[in-house]
Amino acid sequence: MGRLFGTDGVRGVANADLTAEMALGLSVAAAHVLAEAGTFEGHRPTAVVGRDPRASGEFLEAAVVAGLASAGVDVLRVGVLPTPAVAYLTAALGADLGVVLSASHNAMPDNGIKFLSRGGHKLDDELEERIEAIYEEHRTGAPWDRPTGAGVGRVRSYEEGFDQYVAHLLGVLPNRLDGLKIVLDEAHGAAARVSPEAFTRAGAEVVLIGAEPNGLNINDGCGSTHLDPLKAAVVEHGADFGIAHDGDADRCLAVDHTGAEVDGDQIMAVLALAMRERGVLRADTVVATVMSNLGFKLALEREGLKLVQTAVGDRYVLEEMKEHGYALGGEQSGHVIILDHATTGDGTLTGLLLAARVAESGRSLRELAAVMERLPQVLINVPDVDRSRVGTSAALVTAVADAERELGETGRVLLRPSGTEPLVRVMVEAADIDQARSVGGRLADAVKSALG
């Protein structure tokens, strides 16, 4: 069996790749593995289970709940809530694990299962591998001790989770948002109730789009992966700016009052300066992935801040933050982690803090985001190549060195092998877009020649 867990849980086309049987079996295995790891500490275990509004989440949630209860785990069903809300409630309620049914920004036919450990943290690779191993044993007929009678888990709805999470978000804000007019694009996703409630209670005038989930329209031409509707709405309504989430609302992207995009790097730059002013940006350091724009690094250096870069994936950002105690990190795609208040990327929290900075400073988002100039970035996928030899090809080492010399200090080159497909991604940044395209094209040809 190939590895089921990817960089963010188990995902696939619901009822084809990700079936009810798999969801049930993985939940039983997760309960067993976490219990063996001592997570339950001798008491009756409890799990928090939430989902995004995809139609398939209804039957997958039922399967997960059945699996957990059959393994002796009490279940609190919080319903449709963002991934960061489930993570927060897992920690706040002292639950032993959390489960989220979501495929994030993916199209509606997909769905996914993400397990969280005690405290609302993503599982490490070792625990995921053990869950897979137990799941495979059970799938092929290995018996397991099934509780009976009073030993089976009990299931109840926990509707208080909504208000509890909103209160948490509002408690983090350093100031109110009175006087701001903000367009929110909820991607017809998990934050369609939470985000407008939080922004409104904080004092903002809210214009909503993409906030009518019906189970079938999640991420459909809206949200953080489709910003055009948000850009148009901000201009049409004369709003101060707009915020876009993805399906499970762990991302936040923005557009300013002119409709210009403000990406995750720019959002982190704005928040970093605000956090430094409040004395909460520990070590004056921000953590981001190698995919962050070179302009982000240059902006931080100009402001006297440091940047630590990790491999691509918010889990690697989080690991670096936890290991060294950093307070702010994230990705260009809009996953922003404020570790003092969240264990995952939290799109609603990020948007609220961005709005708080606009309100407190009296400056527009366009002015604040101008602290960072995004350098032109060219991305080229080179398919049908041996991605395993990216780091060992002498010809590629030479080609990259030549490109870096040509670009100088205001340019950057990155070759990144895909984790799942036979392709290599070529990224080139330069002060001039034509130069970036020219260098990128030559590097793509070099990759094809060396690894094809």
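Above this text you will find the structure in question.
Fair warning: this is a prediction, and the values are worked out from it, not measured in the lab. (Residues numbered from 1 in each chain as written. Predicted model: local features only at pLDDT ≥ 70, side-chain atom pairs only at ≥ 80, totals over all residues. Heavy atoms only, no water.)

Here we take up the overall build of the protein. When helices and strands are tallied, the protein shows 14 helices and 19 strands. C-alpha atoms of the protein, sized along the principal axes, occupy 70 × 55 × 40 Å. Taking all 452 residues of the protein together, 56% fall into the buried category. If you take every contact in the protein between residues at least 6 apart in sequence, the share linking residues at least 24 apart comes to 71%. Carbon and sulfur atoms make up 49% of the accessible area of the protein, which amounts to about 17800 Å² in all. (Helix = DSSP H or I, 4+ residues; strand = E, 2+ residues; numbered from the N terminus. Buried < 20%, exposed > 50% of the residue type's maximum accessible area, 1.4 Å probe, protein only. Contact = heavy atoms within 4.5 Å. Areas by Shrake-Rupley, 256 points an atom, 1.4 Å probe, with all protein chains shown as cover.)

On to helix 9 (residues 294-302), then. For an α-helix, 3.6 residues make a turn, and residues three or four places apart therefore share a direction. When helix 9 is considered as a whole, its buried residues turn out to be Leu294, Gly295, Phe296, Ala299 and Leu300. On its buried face, helix 9 sits against helix 8 (264-277), strand 13 (285-289), strand 14 (306-310), strand 18 (412-417) and strand 19 (423-429). Where helix 9 begins, one side-chain oxygen reaches toward the backbone nitrogen of Gly295, 2.7 Å away; that side chain belongs to Asn293. Of the residues one or two after helix 9, Gly304 is the one with positive phi, at around 80°. (Polar contact = N/O pair within 3.5 Å; in protein donor to acceptor, adjacent residues only side chain to side chain.)

Within the largest apolar cluster, 64 residues are counted, with the highest numbers of intra-cluster contacts made by Leu177, Ile182, Ile243 and Leu328. If you tally residues by element for this core, the top one is helix 8, at eight residues. Those residues in contact with Leu328 that sit more than four places away from it in its chain are Met268, Leu271, Ala272, Met275, Leu281, Thr285, Val286, Val287, Met321, Val336, Ile337 and Ile338. Counting 35 residues, the second-largest nonpolar core is a separate cluster that includes Ala14, Ala31, Ala47 and Leu60. (Core = buried A, V, L, I, M, F, W, Y, C linked by side-chain atoms within 4.5 Å.)

Attention shifts here to unusual backbone geometry. For Ser104, which is not a glycine, the phi torsion comes out positive at approximately 55°. Relative to the elements of secondary structure, Ser104 occurs in the loop between strand 4 (97-101) and strand 5 (110-117). Residues other than glycine seldom take positive phi values, yet Asp284 does so here, at roughly 50°. Counting through the fold element by element, Asp284 comes out in the loop between helix 8 and strand 13.

Turning next to the packing of aromatic side chains. Throughout the structure, instances matching the rule amount to two aromatic pairs. Residues Tyr88 and Tyr165 carry aromatic rings whose centres are separated by 6.3 Å and whose planes lie at 45° to one another, so their mutual orientation is tilted. You can see Tyr88 sitting in helix 3 (residues 83-92) and its partner Tyr165 sitting in helix 5 (residues 161-172), a full 77 residues away along the chain. The class of Tyr88 is partly exposed, set by a relative accessible area of 24%. (Phe/Tyr/Trp six-rings, centres within 6.5 Å; stacked < 30°, edge-to-face > 60°.)

Burial within strand 19 is extensive, with six of its seven residues counted as buried. Pairing of strand 17 (residues 377-383) with strand 19, which is carried by seven bridges, proceeds in the antiparallel orientation. When the sheet's bridge partners are listed, Asn381 is paired in strand 19 with Arg425. Here strand 18 pairs with strand 19 via six bridges, running antiparallel. The partner of Arg416 across the bridge, within strand 19, is Arg425. (Pairing = 2+ DSSP bridges.)

Glancing now at the pattern of salt bridges. Per the stated rule, a full pass over the model turns up 28 salt bridges. With a closest N to O distance of 3.1 Å, Glu429 and Arg412 form a salt bridge. Placement of the pair is Glu429 in strand 19 and Arg412 in strand 18, with a sequence separation of 17 residues. For the pair Glu429 and Arg412, one class covers both residues: buried. Look at the salt bridges and you will find they share partners, linking Asp8, Arg11, Lys114, Lys122 and Asp314 into a network. (Salt bridge = Lys/Arg side-chain N within 4 Å of Asp/Glu carboxyl O.)

So, about helix 7 (residues 228-237). Of the positions making up helix 7, those classed as buried are Leu230, Ala233 and Val234. For helix 7, the angular spread of the buried residues around the axis is 100°, confining them to a single face. Opposite its buried face, helix 7 presents the exposed residues Asp228 and Glu236, each directed more than 90 degrees away. Where the residues of helix 7 are buried, they touch strand 8 (181-185), strand 9 (205-209), strand 10 (241-244) and strand 11 (253-256). At the exit of helix 7 stands Gly238, carrying a positive phi of roughly 60°. (Arc of directions from axis to C-beta.)

Turning our attention to the sheet that holds strand 19. As summarised here, the arrangement of the three strands in space is 17-19-18, forming an open sheet in which the pairing is antiparallel. Of all strands in the sheet, those with a lone pairing partner are strand 17 and strand 18, marking the two edges. Direction aside, neighbouring strands of the sheet carry axes that sit 15° apart on average. Contacts from helix 13 (residues 394-407) reach strand 18 and strand 19, with the element oriented near 150° to strand 18. (Axes fitted to C-alpha atoms, helices over the stretch in contact; angles between N-to-C directions.)

The next subject is the sheet that holds strand 16 (residues 336-338). An order of 14-13-15-16 is seen for the four strands of this open sheet, with the pairing classed as mixed. Each edge of the open sheet carries a strand with a single partner, namely strand 14 and strand 16. Averaged over all pairs of adjacent strands, the angle between strand axes in this sheet comes to 20°, irrespective of strand direction. By the bridge criterion, three bridges tie strand 15 (residues 328-330) to strand 16 in an arrangement that is antiparallel. In the sheet register, Leu328 faces strand 16, and the bridge partner there is Ile338. Against the sheet, helix 9 engages strand 13 and strand 14, with an angle of about 150° to strand 14.

Another aspect to go through is a negative patch on the surface. Judged by side-chain charge, Asp124, Glu126, Glu129, Glu319 and Glu323 come together as a negatively charged surface patch. Of all the secondary structure elements, the ones that give two or more residues to the negative patch are helix 4 (125-139) and helix 10 (314-324). Relative to the assigned elements, Glu126 resides in helix 4. (Patch = residues over 30% accessible without salt bridge, like charges linked within 9 Å, V, L, I, M, F, W, Y side chains within 5 Å. Lys, Arg positive; Asp, Glu negative; His and termini not counted. Charge placed at Lys NZ, Arg CZ, Asp CG, Glu CD.)

Here the focus is the packing of helix 3 against helix 5. Following both chains from N to C, one finds helix 3 and helix 5 inclined at 95°, their axes separated by 10 Å at the closest point. As judged from the angle between their axes, helix 3 and helix 5 are roughly perpendicular. Contacts between helix 3 and helix 5 pair Pro84, Ala85, Tyr88, Leu89 and Ala92 from the former with Gly161, Gln164, Tyr165 and His168 from the latter. Residue composition of the contact of helix 3 with helix 5, grouped by class: six nonpolar, three polar and no charged. (Parallel < 35°, antiparallel > 145°, perpendicular 65-115°, else oblique. Nonpolar A, V, L, I, M, F, W, Y, C, P; charged D, E, K, R; others polar.)

Shape descriptors only; they carry no functional weight alone.
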